[in-house]
Amino acid sequence: MLLKIAAVLPMALLGRFPWWRLSASLAYPRILMYHMIAHQIPGSKLNKWRIPPQQFAKHMHYLTMHGWQAMTMSELMSSDTVPEKAVVITFDDGFACVYDYAMPVLRDLGLKSTHYLLSHAQDNAWDAHKEVKRESLLSEKQIDTMLASGLVEVGVHGQHHRALVDMGYTEIVDELIISKETIEQRHGIQCLSLAYPYGAWHGAVVMAAKECGFDHAVAVKNRLYQPKHDHRFAIPRLTMDGRRSSVLDFSLRLAKG
Ligand SMILES: [Zn+2]
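Computed from a predicted model, the values in this text were never measured in an experiment. (Residues numbered from 1 in each chain as written. Predicted model: local features only at pLDDT ≥ 70, side-chain atom pairs only at ≥ 80, totals over all residues.)

Chemist: Is there a simple way to think about the pairing of strand β6 (residues 113–117) in this case?
Modeler: Put simply, side chains in a regular strand alternate between the two faces of the sheet. A large share of β6 lies buried, amounting to 5 of its 5 residues. Across the two faces of β6 the burial is the same, with Ser113, His115 and Leu117 and Thr114 and Tyr116 all buried. Here strand β5 (residues 86–92) pairs with β6 via 3 bridges, running parallel. The residue of β6 that forms the bridge with Phe91 is His115. Assessed by its sense of winding, the connection that carries the chain from β5 through helix α5 (residues 96–109) to β6 is right-handed. With 5 bridges connecting them, β6 and strand β7 (residues 152–156) associate as parallel partners. Of the residues in β7, the one forming a bridge with His115 is Val154. The handedness of the β6 to β7 crossover, carried by helix α6 (residues 140–148), is right-handed. (Buried ≥ 20, exposed ≤ 12 C-beta atoms within 10 Å, placed from the backbone. Helix = DSSP H or I, 4+ residues; strand = E, 2+ residues; numbered from the N terminus. Pairing = 2+ DSSP bridges. Right-handed = clockwise from strand over helix to strand, strands pointing away.)

Chemist: What should I look at first to understand the packing of helix α3 (residues 53–65) against helix α9 (residues 247–256) in this one?
Modeler: Angle between the axes and distance between the axes: these two values describe a pair of packed helices. Put simply, α3 and α9 touch, their axes get as near as 10 Å, and they point 45° apart. Classed by the angle they form, the pair α3 and α9 counts as oblique. As α3 packs across α9, the resulting crossing turns out to be right-handed. Contact with α3, carried on its side by Lys58, His59 and Tyr62, involves Val247, Phe250 and Ser251 of α9 and no other residues of that element. By residue class, the composition of the contact of α3 with α9 is 3 nonpolar, 2 polar and 1 charged. (Axes fitted to C-alpha atoms, helices over the stretch in contact; angles between N-to-C directions. Parallel < 35°, antiparallel > 145°, perpendicular 65-115°, else oblique. Left-handed = near helix turned anticlockwise from the far one by under 90°. Contact = placed C-beta atoms within 7 Å. Nonpolar A, V, L, I, M, F, W, Y, C, P; charged D, E, K, R; others polar.)

Chemist: What am I meant to see in the environment of Gly150 here?
Modeler: By the secondary structure assignment, Gly150 is in the loop between α6 and β7. We classify Gly150 as exposed; it has 9 C-beta atoms within 10 Å. A sequence separation of 38 residues divides Gly150 from Lys112, and the C-alpha atoms of the two residues are 8.2 Å apart.

Chemist: I'm lost on the nonpolar core in this one. Help?
Modeler: Here is a general trend for soluble globular proteins: nonpolar side chains tend to be buried in one another's company. Within the largest apolar cluster, 63 residues are counted, with the highest numbers of intra-cluster contacts made by Ile37, Val98, Ala209 and Ala217. When residues in this core are grouped by element, the largest group, 7 residues, is from α5. Every residue in contact with Ala217, bar those within four places of it in the chain, is listed here: Leu194, Ala195, Tyr196, Ala209, Phe233 and Ile235. (Core = buried A, V, L, I, M, F, W, Y, C linked by C-beta atoms within 7 Å.)

Chemist: Looking at this structure, how should I read α5?
Modeler: Owing to its 3.6 residues per turn, the α-helix aligns residues three or four sequence positions apart on the same side. With 14 residues, α5 extends 20 Å between its outermost C-alpha atoms, agreeing within 8% with the 20 Å of an ideal straight helix rising 1.5 Å per residue. All of the buried residues along α5 are Cys97, Val98, Tyr99, Tyr101, Ala102, Met103 and Leu106. The secondary structure elements touched by the buried residues of α5 are β2 (36–37), α3, β5, β6 and α6. (Expected span 1.5 Å × (residues − 1).)

Chemist: Just to check I follow, could you spell out unusual backbone geometry for this structure?
Modeler: For Asp93, which is not glycine, the phi dihedral falls at a positive 85°. Mapped onto the elements, Asp93 comes out in the loop between β5 and α5. For Asp93, a count of 26 C-beta atoms within 10 Å corresponds to the buried category. Of note, the phi angle at Lys221 is positive, near 65°, even though the residue is not glycine. Lys221 gets classed as partly exposed once you count the C-beta atoms within 10 Å, which come to 17.

Okay, structure coming up:
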């Protein structure tokens, strides 16, 4: 029986997803984690983090056509009742290509999104050991323009993308307070949402995040967020992988988590 099913499914799909699993409840919000919206670079070690612009546009049109409701992370975390088919579109690191390729689509479709920014970085220097080419991050002006759309929440991702789990408690607090206050003052906003660099956290990181005034924090985990069970400082998200970004991949991820 399994062989028969295997024969009719595209082989490429078989190894990728637990396609035999039933779709997950629509009551669980889908929290999507994007990084760059950019063309793949042959041989690059960072292609996992590059969703081609045309694929990103297809993802967003899919959400709209199938009745998914985009909320910001803080809207999700402050709502008493989460609607069915809630989706949170998040972007980590604040890459400049998001302004060029994601924002026009999000604006056209009226989709809200949450962007986790670094307060003290101009490019992805933290990836320098993987790739010589540096990717620029959003300018202050671009961030202001995004905020003016009324569709964008800005959250915090640290100063330079250092792993919080490698620091002592005081250092974690300093890292978080400085990045939070810098971004808040720079753009005249309040940042309540935190994304841990590398998705890495432990008890002291959570304690520091609370002390610094964050309301919640997102991690990675690659599973669906279950509001009644998950800790609000360890919210799982679904990685959007640039090497598996077809609409079929996307729709399966959305359905099954
Ligand atoms: Zn990051």
